[in-house]
Amino acid sequence: MRQIKILLPLIFVCAVLLFSLFFQNVFTRPTKAENPEFWISVDSGELKQVVDFAARNGDQIKLETVAVKNGISIVGASDSQMQKVSSYMHRLRNKCSGFIAHQSKEEALETVDRLFNANTRESLVNYTIDNQSNVNQMLPAVLETNVRQTITDLSAFPNRRYNQPSGTTSAEFIKNEWTALALGRSDISVEYFTHPSTVSPQPSVILTVQGTNAPEEVVVLGAHQDSINTSGQTQPAPGADDDASGVASLTEAIRVLIEKNFHPQKTVKFMAYAAEEVGLRGSKEIALDYRTRNVNVVGVLQLDMTNFKGSTQFDFALVSDFTNAAQNTFVADLIGEYLPNLTVTTTLCNYGCSDHASWTAQNYPSSFPFEATFGQHNHSIHSANDTLSQSGNSADHALKFSKLALAFVGELAKGSIEQNNSNPVRADFDGDGKTDISVFRPETGVWYLNQSSNGFLAITWGISTDKPIPADYDGDGTTDIAIFRGNSDPNLPDIYILRTGDFTFSGASWGVDGDIPTIADYDGDGKADISIYRPAANTWYILNSSDGSVFTHTFGETGDRPIVGDFDGDGKADLNLLRNENQWLTLKSSDNYSTVEEKVFGLSGDVPVPADFDGDGIDNIAVFRPQNGTWYYLRTDDNISFVQFGSDQDVPVTGDYDGDGISDYAVFRPSNGVWYILRSSNASFQIEGFGLETDKPLPFAYQPGS
């Protein structure tokens, strides 16, 4: 009895302790479902299909649903569970993640509420299509080779997964590419949108074009940069279609906007989102940030998978769920107006299938044109087989989306193409936008300027053996007086510049005997860059005025003649050569000097006179033929225009003498010192005596070797 009496209190104490521990565990410690690594919102039916399919295949995905709203389950999940959901979602539904990731249960519930309460039928802007004069100039400039190259470059990364090192370096690649395209445009900036490490180590990339008239209104075009292989985090994931193609379509649209010098009235933002494949994380955070700051986003276009033409009958499939109906109609109308030979239909992608949903959740109007109807799209995504070969090693389909993006910007942001500053008016010494009649007299070293606004001016600058190289070296809009005196002494200048704005002097040691000066604006900053072509090495040496960097490029053969001109209209001079008197070879700056373009134009004895004869901001390949006094130029449509103006003894001195943005036909006749000018603005003639027989007319000095 004594033993029993002693044990009873001990049993009671143990029971109390056990009950206390149980009570604490159940009621005070959070359950795993209440404090998971992630929260996701996912279509309930699709989630059940995923879980059941996994179970039938011996894979138990243990998920606890804490709430269901509008057919969407709120689920707590670990990273590994989330990866399994993504993998099975791809296998069963052939879609991207199919869910949205959240930082908290409350955020998940709020997102579902926002998505289903968004007024997707509301027209938030007045959609009009009336900017054809500008949009139609941009669409022909889109190049399949550029789109294909970007897809190839992005596919070359091992993968672009959000939490892998190559996901970070691929983001850096995109930022560098976009930054290079924007060089010389002060209204364009490129920056990272850095996410918390718990959201994505990979940053998103945003290029912003500041609006001219309504900068507070914002147009967004996006694509996701990350890729995924559902077989494993470190497995190869080229993601050529999903979604290197979308980034490539946007990149080419950016290039053309800049090349054509398009300035939108509204601010335009191009975005490469991080971490789309794991729950739309990058775009969700950006859209939430914009809503929190009350940014006035008037329209969003999402390009996710643009290069697999799975629907034989249709070129575009507009996603109709979780998008804005009014804007979708606008996008369809854009296709009808600007791409009339292409076809469009509608399709459904259900919950959380791409980044457009992030913007819809914040009640911003979004549209999602897709490569095909769902089910007919690329089935090789999320694997090592998502390569360009799935699209026949071509980017023809993605090219259509670049054009649609340009039309979307041109008509929603509005705006206009402005004349490039890369081709400033030649020999404009008083800055009035008109070429001045002017000569350099070698025997005295005197520059004689008959300025169209400021009258006569004579300045001594140079000696008889100097080569005049007038150009706007400081970007003030007036042509500076300058000469090239090549020498091999590194302590002596080769170039002497007298700035006409303030008549200050500068010199530069840049060249040796035998070099040919090729002065032009190669970096697009509105200033002429000091540059030479060295025939002995067939090499170009360019000192960029924008940042002081040196660019060298070997391009040429013995006997080639360097030519100055901007033949792609991107605001930067290209590397050009004339070979055998009629072979025009060009390495375009817009193509990163990667591919030689050749045109055969002219005859032996022709004088090269490239200039913008049609006012489109692009230099034309052109010659003056002394034997018959005729000018010939090659239009951008490869047709030839010609005008008879001059004689066999004349020197061609084309320039914009009337300030209308178009180069005029003009000649200087040394035999009588008379200038003959045919004005493009009204077809009138200007005849003026100015100069002697031995004078060098300065508008002609713009071509090397003249």
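The structure under discussion appears in the preceding block.
Residues numbered from 1 in each chain as written. Predicted model: local features only at pLDDT ≥ 70, side-chain atom pairs only at ≥ 80, totals over all residues. Heavy atoms only, no water.

K.L.:
For this particular structure, what's the right way to read the state of the cysteines?
P.N.:
Two cysteines joined by a covalent bond between their sulfur atoms form a disulfide. Under the definition given, this model contains one disulfide. For cysteine 349, the disulfide goes to cysteine 353, at an S-S distance of 1.9 Å. Here the disulfide of cysteine 349 and cysteine 353 is left-handed, its torsion about the S-S bond being about -60°. (Disulfide = S-S within 2.5 Å.)

K.L.:
Would you mind showing me how to read the environment of aspartate 648 here?
P.N.:
One can find aspartate 648 in the loop between strand 34 (640–644) and strand 35 (651–652). A relative accessible area of 48% means that aspartate 648 is categorised as partly exposed. Aspartate 648 sits 182 residues away from aspartate 466 along the chain, and the two C-alpha atoms are 26 Å apart. (Helix = DSSP H or I, 4+ residues; strand = E, 2+ residues; numbered from the N terminus. Buried < 20%, exposed > 50% of the residue type's maximum accessible area, 1.4 Å probe, protein only.)

K.L.:
What's the story with the pairing of strand 38 (residues 685–689) in this structure? I'm lost.
P.N.:
Each regular strand displays side chains that alternate between the two surfaces of the sheet. Where strand 37 (residues 674–678) and strand 38 come together, five bridges link them in antiparallel fashion. Looking at strand 38, one finds that isoleucine 677 is bridged to glutamine 686. Hairpin remark: strand 37 followed by strand 38, antiparallel, with six residues in the connecting loop; positive phi at alanine 683, about 60°. (Pairing = 2+ DSSP bridges.)

K.L.:
Is there a simple way to think about the packing of aromatic side chains in this case?
P.N.:
The geometry of two aromatic rings is summed up by the distance between their centres and the angle between their planes. In the structure shown here, the tally under the stated rule is 26 aromatic pairs. Pairing phenylalanine 322 with tyrosine 351 gives two aromatic rings, centres 6.0 Å apart and planes at 80°, and the pair type is edge-to-face. A residue pair is termed long-range when its members are at least 10 positions apart, and phenylalanine 322 in the loop between strand 11 (316–319) and helix 10 (325–338) and tyrosine 351 in the loop between strand 12 (344–347) and helix 11 (356–361) qualify at 29 residues. Here the two residues phenylalanine 322 and tyrosine 351 agree in accessibility, since each one is buried. A ring pair is formed by phenylalanine 456 and phenylalanine 690, whose centres lie 6.4 Å apart and whose planes are at 65°; its orientation type is edge-to-face. Highlighted residues: phenylalanine 456 in strand 18 (residues 455–460) and phenylalanine 690 in the loop between strand 38 and strand 39 (696–697), separated in sequence by 234 residues. Under the relative-accessibility criterion, phenylalanine 456 is labelled exposed at 52%. (Phe/Tyr/Trp six-rings, centres within 6.5 Å; stacked < 30°, edge-to-face > 60°.)

K.L.:
Looking at this model, I keep getting lost on the packing of helix 8 (residues 240–259) against helix 12 (residues 396–413). Mind explaining?
P.N.:
The description of two packed helices rests on the angle between their axes and on the distance between the axes. Axis separation between helix 8 and helix 12 bottoms out at 8 Å; the angle between their running directions is 50°. One element, helix 8, and the other, helix 12, form an angle in the oblique class. Taken as a pair, helix 8 and helix 12 cross one another with a handedness that is right-handed. Of helix 12, the residues touching helix 8 (which contributes Ser245, Ala248, Ser249, Glu252, Ala253, Val256 and Leu257) are Ala398, Phe401, Ser402, Ala405, Leu406 and Val409. Its residues assigned to classes, the contact of helix 8 with helix 12 comprises nine nonpolar, three polar and one charged. (Axes fitted to C-alpha atoms, helices over the stretch in contact; angles between N-to-C directions. Parallel < 35°, antiparallel > 145°, perpendicular 65-115°, else oblique. Left-handed = near helix turned anticlockwise from the far one by under 90°. Contact = heavy atoms within 4.5 Å. Nonpolar A, V, L, I, M, F, W, Y, C, P; charged D, E, K, R; others polar.)

K.L.:
Whenever I open this one, helix 8 confuses me. Can you help?
P.N.:
Within an α-helix, residues lying three or four positions from one another point in the same direction, as the helix has 3.6 residues per turn. Taken across its 20 residues, helix 8 has 20 buried, putting it largely inside the fold. Asparagine 261 occupies a position one or two residues after helix 8 and carries a positive phi of about 60°.

K.L.:
Help me understand the environment of glycine 605 in this model?
P.N.:
Mapping glycine 605 onto the fold places it in the loop between strand 30 (596–600) and strand 31 (607–608). With a relative accessible area of 43%, glycine 605 lands in the partly exposed category. On a C-alpha basis, the gap between glycine 605 and valine 331 in space is 53 Å, while along the polypeptide they are 274 residues apart. Every residue in contact with glycine 605, bar those within four places of it in the chain, is listed here: Glu581 and Pro626.

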